[in-house]
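Structural overview for review
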Amino acid sequence: MRQLKKRRCAVCGEEVVEGQVFTFYAKGPVHWECLEKELSSRLYKDVDAAALLRLDHYLHEGIVLAKQLEYLAQNEKTKERIREIRKQLEALAAKLTNEITTSQP
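Residues numbered from 1 in each chain as written. Predicted model: local features only at pLDDT ≥ 70, side-chain atom pairs only at ≥ 80, totals over all residues. Heavy atoms only, no water.

Looking at the element boundaries, E70 is found in helix α2 (residues 47-72). Exposure remark for E70: the relative accessible area of 13% places this residue in the buried category. Taking the C-alpha atoms as reference, E70 lies 18 Å from F22; in sequence the two are 48 residues apart. Apart from the residues lying within four places of it in its own chain, the contact partners of E70 are K79, I82, R83 and R86. (Helix = DSSP H or I, 4+ residues; strand = E, 2+ residues; numbered from the N terminus. Buried < 20%, exposed > 50% of the residue type's maximum accessible area, 1.4 Å probe, protein only. Contact = heavy atoms within 4.5 Å.)

Dropping the structure here:
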């Protein structure tokens, strides 16, 4: 069995475990729910930011799913293809998270 990476949430201080939906931002790793809570006052005022955050959430869920599928796949070529797609999702999600968390309301 593979070892899961463990991190601490920059907002709540609780453990962030690989397999949970989370992201990284300027303060460090953060549970998705903690990020939404931290940004909620801004989101209620900005529908566009809320829409982008929801899209970003789906990208992060896709990353978690890709990691699970990569682990389940048996063929190395399939694993590599899933890994490539996951890395693309990670890059896109990182860019979008950065855009959302650093933009001014």
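Another aspect to go through is the pairing of strand β3 (residues 22-25). Pairing of β3 with strand β4 (residues 28-31), which is carried by 4 bridges, proceeds in the antiparallel orientation. The residue of β4 that forms the bridge with T23 is V30. Hairpin connection of β3 to β4: 2 residues between the antiparallel strands. (Pairing = 2+ DSSP bridges.)

Inspection of the entire model under this criterion finds 7 salt bridges. Where R83 meets E76, a salt bridge forms, and the shortest distance between an N and an O atom there is 3.9 Å. In this structure R83 comes out as buried when scored by relative accessible area, which is 19%. Between E84 and R81 there is a salt bridge, with the nearest N and O atoms lying 3.3 Å from each other. Highlighted residues: E84 and R81, both in helix α3 (residues 76-102), separated by 3 residues, approximately one helical turn. (Salt bridge = Lys/Arg side-chain N within 4 Å of Asp/Glu carboxyl O.)

To continue, consider the nonpolar core. One finds V30, L35, L39 and L53 to be the most contacted residues of the largest nonpolar core, which totals 19 residues. If we skip the residues at most four places from it in the chain, L39 touches L53, I100 and T101. (Core = buried A, V, L, I, M, F, W, Y, C linked by side-chain atoms within 4.5 Å.)

A word on the packing of aromatic side chains. Tallying each qualifying case throughout the model produces 1 aromatic pair. Seen in terms of ring centroids, F22 and F24 are 5.6 Å apart; in terms of plane orientation they differ by 70°. Their pairing is edge-to-face. (Phe/Tyr/Trp six-rings, centres within 6.5 Å; stacked < 30°, edge-to-face > 60°.)

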